[in-house]
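# Structural features, examined
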Amino acid sequence: GNHVLSPGESVGKGLTPEAARELGLPEGTAVAASLIDAHAGGLGVIGADVKGHNLPCENQPITSRLAMICGTSSCHMGISQTPIFVPGVWGPYFSAMVPGFWLNEGGQSATGKLIEHVVQGHVAFPELQARAKASSQSIYTYLNSHLDLIKKSLPVGFLTVDLHVWPDFHGNRSPLTDLTLKGMVVGLTLSQGLDELALIYLATIQAIALGTRHILETMQAAGHRINTLFLCGGLSKNPLFVQMHADITGKPVVLSKEVESVLVGAAILGACASGDFATIQV
């Protein structure tokens, strides 16, 4: 228990005979020192090739990128060549995600779960379900389309000028680190229709994006120089979620062609442990 390996290093002599039999794989198949799931997602997306897209991170160090893994909760991964201590953000941890770099990890305790909670708890949710089913759409695709209908000529963000959500329904992980915080909605009316459900859905996504901006600004104030966001996870498949993060942070957002970034990160580890690649970086 005292021999520490970097991510991607080969563990022992590969699969033991017993493990190989149980998995149906050849004995000795390389086994890599692993990563936490979100860290594997960060590894799988942060090194994406962005040549030719005119992004500010092109020809810049990888430390200019922030990897966001957005699912039930969200993690914000920034790396640096030297340790940076960020108030309210975990780390710095050496070689915790990319060997040779220090990792700072911010996070939001409830993001996808919060959106689900707000939408499914609304009195108009059964109507939303029925309409989405009738149009053969997911409820979130339908809500996005509904917002486009009611916004008319205004930018969609202006629809919530009088409706605001404080998103810490499950406490705040970063950067306030206060587990006692609770959620709040300001600007409710007596209306309970589908329009109102769409608006509180939008306000919740905006609140999550503002939380990301708070984390990002705190990391930058401590010394990080981040200019591009790299998103993965289930929420990155929602165009409204992605657009609000770009609008509210003022940073371009990169989505990789391979959406399962956690699996890409795991594959990178395996390819390194097998000797096909000399290091995680190369």
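Predicted, not measured: the structure shown is a model, and the values here were computed from it. Sequence positions are assigned chain by chain, starting from 1 and proceeding in written order. In view of the model being predicted, local features appear only for residues whose pLDDT reaches at least 70, and side-chain atom pairs are presented and counted only at 80 or more, with totals across whole chains, interfaces and linings using the full set of residues. Excluded from the side-chain calculation are hydrogens and water; included are all heavy atoms of the structure.

Looking now at the environment of Glu-58. Helix numbering and strand numbering both begin at the N terminus, where a helix is a DSSP run of H or I of at least 4 residues and a strand a DSSP run of E of at least 2. Its location among the elements puts Glu-58 in the loop between α2 (37-46) and β1 (65-70). Contact definition: two residues touch when any of their heavy atoms are within 4.5 Å. In this view, Glu-58 contacts Val-50, Lys-51, Gly-52 and His-53; residues no more than four positions away in its chain are not counted.

Along the chain, Thr-249 turns up in helix α7 (residues 239-249). For this analysis, a polar contact is any N or O atom pair within 3.5 Å, provided that within protein one partner can donate a hydrogen and the other can accept it, and provided that sequence-adjacent residues contribute only side-chain to side-chain pairs. Separated by 2.6 Å, the side chain of Thr-249 and the backbone oxygen of His-245 make a polar contact. Leaving out residues up to four positions away in the same chain, Thr-249 has contacts with Ala-209, Thr-212, Arg-213, Leu-216 and Leu-229.

Moving on: a nonpolar patch on the surface. A cluster of nonpolar side chains, contributed by Trp-166, Leu-176, Met-184 and Val-186, occupies part of the molecular surface with about 360 Å² of accessible area. Of note, Leu-176 is situated in the loop between β5 (164-166) and β6 (184-186). What makes Leu-176 partly exposed here is its relative accessible area of 36%. For patch building, the residue pool is restricted to those with more than 30% relative accessible area and no salt bridge; the joining distance is 9 Å between like charges and 5 Å between nonpolar side chains (Val, Leu, Ile, Met, Phe, Trp, Tyr). Only the protein chains shown count as cover for residues, and the accessible areas themselves come from Shrake-Rupley with a 1.4 Å probe. Every case where a carboxyl oxygen of Asp or Glu lies within 4 Å of a side-chain nitrogen of Lys or Arg is listed as a salt bridge. For the exposure calls, accessible area comes from a 1.4 Å probe over protein chains only, and a residue counts as buried if that area is under 20% of its type's maximum, exposed if over 50%, partly exposed in between.

Attention now goes to the UniProt feature "domain: Carbohydrate kinase FGGY C-terminal" (unreviewed entry) in the protein. UniProt positions are given in the numbering used here, feature names are shortened, and annotations may be inferred rather than shown by experiment. When the UniProt feature table is mapped to this numbering, "domain: Carbohydrate kinase FGGY C-terminal" (unreviewed entry) covers residues 66-273. Counted over residues 66-273, helix gives 41% and strand 18%. Its end C-alpha atoms are 25 Å apart.

The next thing to look at is the pattern of salt bridges. According to the stated counting rule, one finds five salt bridges in the structure shown. Its salt-bridge partner being Lys-113, residue Glu-116 comes within 3.1 Å of it at the nearest N-O pair. With a gap of three residues between them, Glu-116 and Lys-113 both fall in helix α3 (residues 112-120), about one helical turn apart. Given the relative accessible area of 29%, Glu-116 is considered partly exposed. What makes Lys-113 partly exposed here is its relative accessible area of 45%. Between Glu-127 and Arg-131 there is a salt bridge, with its nearest N and O atoms 2.9 Å apart. One end of the pair, Glu-127, and the other, Arg-131, are both in helix α4 (residues 125-134), four residues apart, so they sit about a helical turn from each other. The partly exposed category is assigned to Glu-127, whose relative accessible area is 33%. On the basis of relative accessible area, Arg-131 is assigned to the partly exposed category, the value being 38%.

Position of Ala-20 among the secondary structure elements: in helix α1 (residues 17-23). Ala-20 gets classed as buried once you look at its relative accessible area, which sits at 5%. Sequence-wise, Ala-20 and Gln-81 are 61 residues apart; in three dimensions their C-alpha atoms are separated by 38 Å. Residues within four places of Ala-20 in sequence aside, it is in contact with Leu-15, Leu-25, Pro-26 and Glu-27.

Now for the sheet that holds strand β3 (residues 90-94). Strand order in this open sheet of six strands is β3-β4-β2-β1-β7-β8, and the pairing throughout is mixed. Two strands lie at the open edges of the sheet, namely β3 and β8 (253-255), each paired on one side alone. Taking the axes of each pair of neighbouring strands and ignoring which way they run, one obtains an average angle of 25 degrees across the sheet. A pair of strands is labelled paired if DSSP reports no fewer than 2 bridges between them. Pairing of strand β7 (residues 228-232) with β8 involves three bridges; the strand directions are parallel. Among the inter-strand pairings, Leu-231 is bridged to a residue of β8, identified as Leu-255. α2 rests against β1, β2 (74-80), β4 (102-108) and β7 of the sheet, and its axis sits at about 130 degrees to β1. Axis definition: a line fitted to C-alpha atoms, limited for helices to the stretch in contact. Angles are taken between N-to-C directions and run from 0 to 180 degrees. Against the sheet, α7 contacts β1, β7 and β8, and its axis sits at roughly 160 degrees relative to β7.

Once that is clear, we can look at the nonpolar core. Core analysis: the largest hydrophobic core is formed by 46 residues, its most contacted members being Val-119 and Leu-128. Listing elements by their share of this core, those giving two or more residues are β1, α3, α4, α5 (139-151), α6 (194-222), β7 and α7. Looking at this core element by element, the count peaks at 15 residues for α6. Once residues lying within four places of it in the same chain are set aside, the contact partners of Val-119 are Phe-125, Leu-128, Ile-139, Tyr-140, Leu-143, Leu-197 and Tyr-201. Grouped together as the second largest cluster of nonpolar side chains are 26 residues, Ala-40, Leu-55, Ala-96 and Leu-269 included. As used in this record, nonpolar core signifies buried Ala, Val, Leu, Ile, Met, Phe, Trp, Tyr and Cys residues forming a set joined through side-chain atoms within 4.5 Å.

Below, the discussion takes up the side chain of His-224. Tracing the sequence through the fold places His-224 in the loop between α6 and β7. Assessed through its relative accessible area of 2%, His-224 is described here as buried. At 2.8 Å, the side chain of His-224 and the side chain of Asn-104 are in polar contact. For His-224, the residues in contact, after removing those within four places along its chain, are Gly-78, Ile-79, Ser-80, Ile-84, Val-86, Asn-104 and Met-219.

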